[in-house]
Amino acid sequence: MLKRFFNDIKKYRHYIWYSAKASLKSEVAGSHLGWLWWFLDPFFFMLVYTFIGLVVIRKNLDYFPCYVFIGLQTWNYFSKTLNTSISAVRKNKSVVSKVFLPKTVLVFVTQTTNFIKMCISYLIIVGMMILFKVPVDWHILYVIPLIVMVSIFTFGLSSIFMHFGVYVEDMSNIVAVILRLCFYLTGIFYSIESAVPEPYNKILLMGNPIAYMIYELRNCILYEKSPNMLFFAIWFAVAIVLAIIGINVVYRNENNYAKSI
């Protein structure tokens, strides 16, 4: 299965890229500001959640706007990919029912689209780090394996939910509710360590994969810290297992998807 998966990605890489570009263009097609919204939209949301964190919750951390922005954009990358992938087969019914296309490619198109948007948003973080004079050292290199882990985890979970989304029409609504709850348990605009009493803060932080990944991204980007290697290894292994499960589930059932939709 894995050999076939990598061959499919290589074979359809151009389709993935052009489909992602088309999706990005369609999102801003009716907007006067166009591509500028990819900078403005996350920036305005960052301002809102910074206000909530500083004024409403009254929790202050060093470089708090950057802190919020890293969490928000990483969460958006995960949640939007997952939620969109659930209905990917149904939304591409005209393609799926007429020509053969590996269904894992549909997840990759969605994930590539959101990954590009996250990368654009991270350019704002670079500017904010310069503005707030955030010290930078070699720990920032941990961003690369952490983003890889987030991406593998997101792909695996999205592939699994895409499979179930073919058979359960309300799956998107169910997952949307779960994601809304998870958003507030992930510490996007507050610190789980300081806001949640011990030992529950450690359980919530290390037991919630996205909370853990965001926590470590913030540590290496803003606070010159290395990831907890034990939990890094655990969640990286979980991400790979989920990806393998997702690939196998989709490949074994994709020929039946057209009949179900």
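Overview of the structure. (Residues numbered from 1 in each chain as written. Predicted model: local features only at pLDDT ≥ 70, side-chain atom pairs only at ≥ 80, totals over all residues. Heavy atoms only, no water.)

In terms of nonpolar packing, the biggest core is built from 52 residues, with Trp75, Phe78, Tyr122, Phe153, Ile221 and Leu222 touching the most fellow members. Mapped onto this core, the elements with two or more residues apiece are helix H4 (64–86), helix H7 (103–131), helix H8 (143–167), helix H9 (171–184), helix H11 (200–207), helix H12 (209–222) and helix H13 (229–253). In terms of residue count, the dominant contributor to this core is H4 (twelve residues). Residues within four places of Leu222 in sequence aside, it is in contact with Tyr63, Cys66, Tyr67, Ile70, Met129 and Val134. One finds Tyr12, Ala88, Val89 and Val96 within the second-largest nonpolar core, a separate group that totals 20 residues. (Core = buried A, V, L, I, M, F, W, Y, C linked by side-chain atoms within 4.5 Å. Buried < 20%, exposed > 50% of the residue type's maximum accessible area, 1.4 Å probe, protein only. Helix = DSSP H or I, 4+ residues; strand = E, 2+ residues; numbered from the N terminus. Contact = heavy atoms within 4.5 Å.)

Moving on: the environment of Leu185. By the secondary structure assignment, Leu185 is in the loop between H9 and helix H10 (192–195). Through-space distance from the C-alpha of Leu185 to that of Val148 is 22 Å; in sequence the pair is 37 residues apart. Contacts of Leu185, omitting those with residues within four sequence positions, involve Tyr190, Ile192, Leu204, Asn208 and Ala211.

Our next topic: H11. Because an α-helix completes one turn every 3.6 residues, residues spaced three or four positions apart along the sequence face the same direction. Looking only at H11, the buried set comprises Asn201, Leu205 and Met206. Within H11, the buried residues cover an arc of 110° as seen down the axis, which keeps them to one side. Residues of H11 that are exposed and point more than 90 degrees away from the buried face comprise Tyr200 and Ile203. Contact partners of the buried residues in H11: H10, H12 and H13. (Arc of directions from axis to C-beta.)

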